[in-house]
Amino acid sequence: MTELKVDTANVKVQSGDIEIDAYLATPTLEGSYPGIVVIQEIFGVNDHIRDVTRRLAREGYCAIAPAIYQRQAPGFETGYTPEDIKIGKQYKVQTKASELLDDVRGAFNYLKTLDRVKKDRFGCIGFCFGGHVAYLAATLPDIAATASFYGAGIVTLTPGGGEPTITRTSAIQGTLYAFFGMEDASIPPEEVDQIEAELKKHDIPHQVFRYPDAGHGFFCDRRASYHEEAAADAWRKVLQLFAEQL
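Residues numbered from 1 in each chain as written. Predicted model: local features only at pLDDT ≥ 70, side-chain atom pairs only at ≥ 80, totals over all residues. Heavy atoms only, no water.

1. Remarks on the packing of helix 3 (residues 97–112) against helix 4 (residues 129–137)
It is the contact of helix 3 with helix 4, at a shortest axis distance of 10 Å, that shows an interaxial angle of 80°. By the angle between their axes, helix 3 is roughly perpendicular relative to helix 4. For the pair helix 3 and helix 4, contact is made by Ala97, Leu100, Leu101 and Val104 and by Phe129, Val133, Leu136 and Ala137, respectively. Considering only residue class, the contact of helix 3 with helix 4 consists of eight nonpolar, no polar and no charged. (Axes fitted to C-alpha atoms, helices over the stretch in contact; angles between N-to-C directions. Helix = DSSP H or I, 4+ residues; strand = E, 2+ residues; numbered from the N terminus. Parallel < 35°, antiparallel > 145°, perpendicular 65-115°, else oblique. Contact = heavy atoms within 4.5 Å. Nonpolar A, V, L, I, M, F, W, Y, C, P; charged D, E, K, R; others polar.)

This is the structure in structure tokens:
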């Protein structure tokens, strides 16, 4: 398939009782396209997340990346220095699962207002903290396909407190693909095994992909941990997931 030209815009979406910023990318070619919500890393809706959003649009999707740190730090985006990581983590621990779900819901509700977006089935993709949020969002009825990249803490916690996110696995609505680097210091291999076991236990359509030589953040070509081979393979699998389910 030939990559499509895309339009981009900064938009506002309604999340619960507030408006949050979001980055929108849509194909310029007239047509009807599935919608996908892109969930940021701890670094905000930065160049990398905007790039992923545009890449999806070039493949024939209307993609939107909501600013899930809007309540903590409007307009926040940063790079990958140790100080950037420290700040991003500070904002992460201030988030709450209910508000994050509102953010994702608000994003696909915005997509529903666009004439060119198919209204019945949506996809979600998230990286780093966004991979955890994507796992959470997979429980929303509108989400038919989820790609969760190296979401730390799924087994041990949920944003804002309460039972760990893994305990919500039975509520996942569609198909979930999960991607992990086996050199990821923040996600022990046994936690990956626990996630896979829970998906199997509840008969959730899924695949779990393990990349032996990759670490945390392996998909992001702006990070030192970027692993080109693993990232390319994962992207092919993401496109396969969305093509089959959306």
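2. Some thoughts on helix 4
In terms of burial, helix 4 is largely enclosed, as nine of its nine residues are buried. Considered for burial, the residues of helix 4 that qualify are Phe129, Gly130, Gly131, His132, Val133, Ala134, Tyr135, Leu136 and Ala137. (Buried < 20%, exposed > 50% of the residue type's maximum accessible area, 1.4 Å probe, protein only.)

3. Considering the sheet that holds strand 1 (residues 6–15)
Across the sheet, eight strands lie side by side as 1-2-4-3-5-6-7-8; this open sheet has mixed pairing. Only two strands of the sheet have a single neighbouring strand rather than two, namely strand 1 and strand 8 (206–211). On average, adjacent strands in this sheet sit at an angle of 20° to one another, irrespective of strand direction. Where strand 2 (residues 18–27) lies against strand 4 (residues 62–66), four bridges are found, and the strand directions are antiparallel. From the neighbouring strand, Ala25 faces strand 4, where its bridge partner is Ala63. Lying on the sheet, helix 3 is in contact with strand 1, strand 2, strand 3 (33–39), strand 4, strand 5 (117–127) and strand 6 (143–149); it crosses strand 1 at an angle near 130°. (Pairing = 2+ DSSP bridges.)

Taken by themselves, the reported measurements are silent on function.
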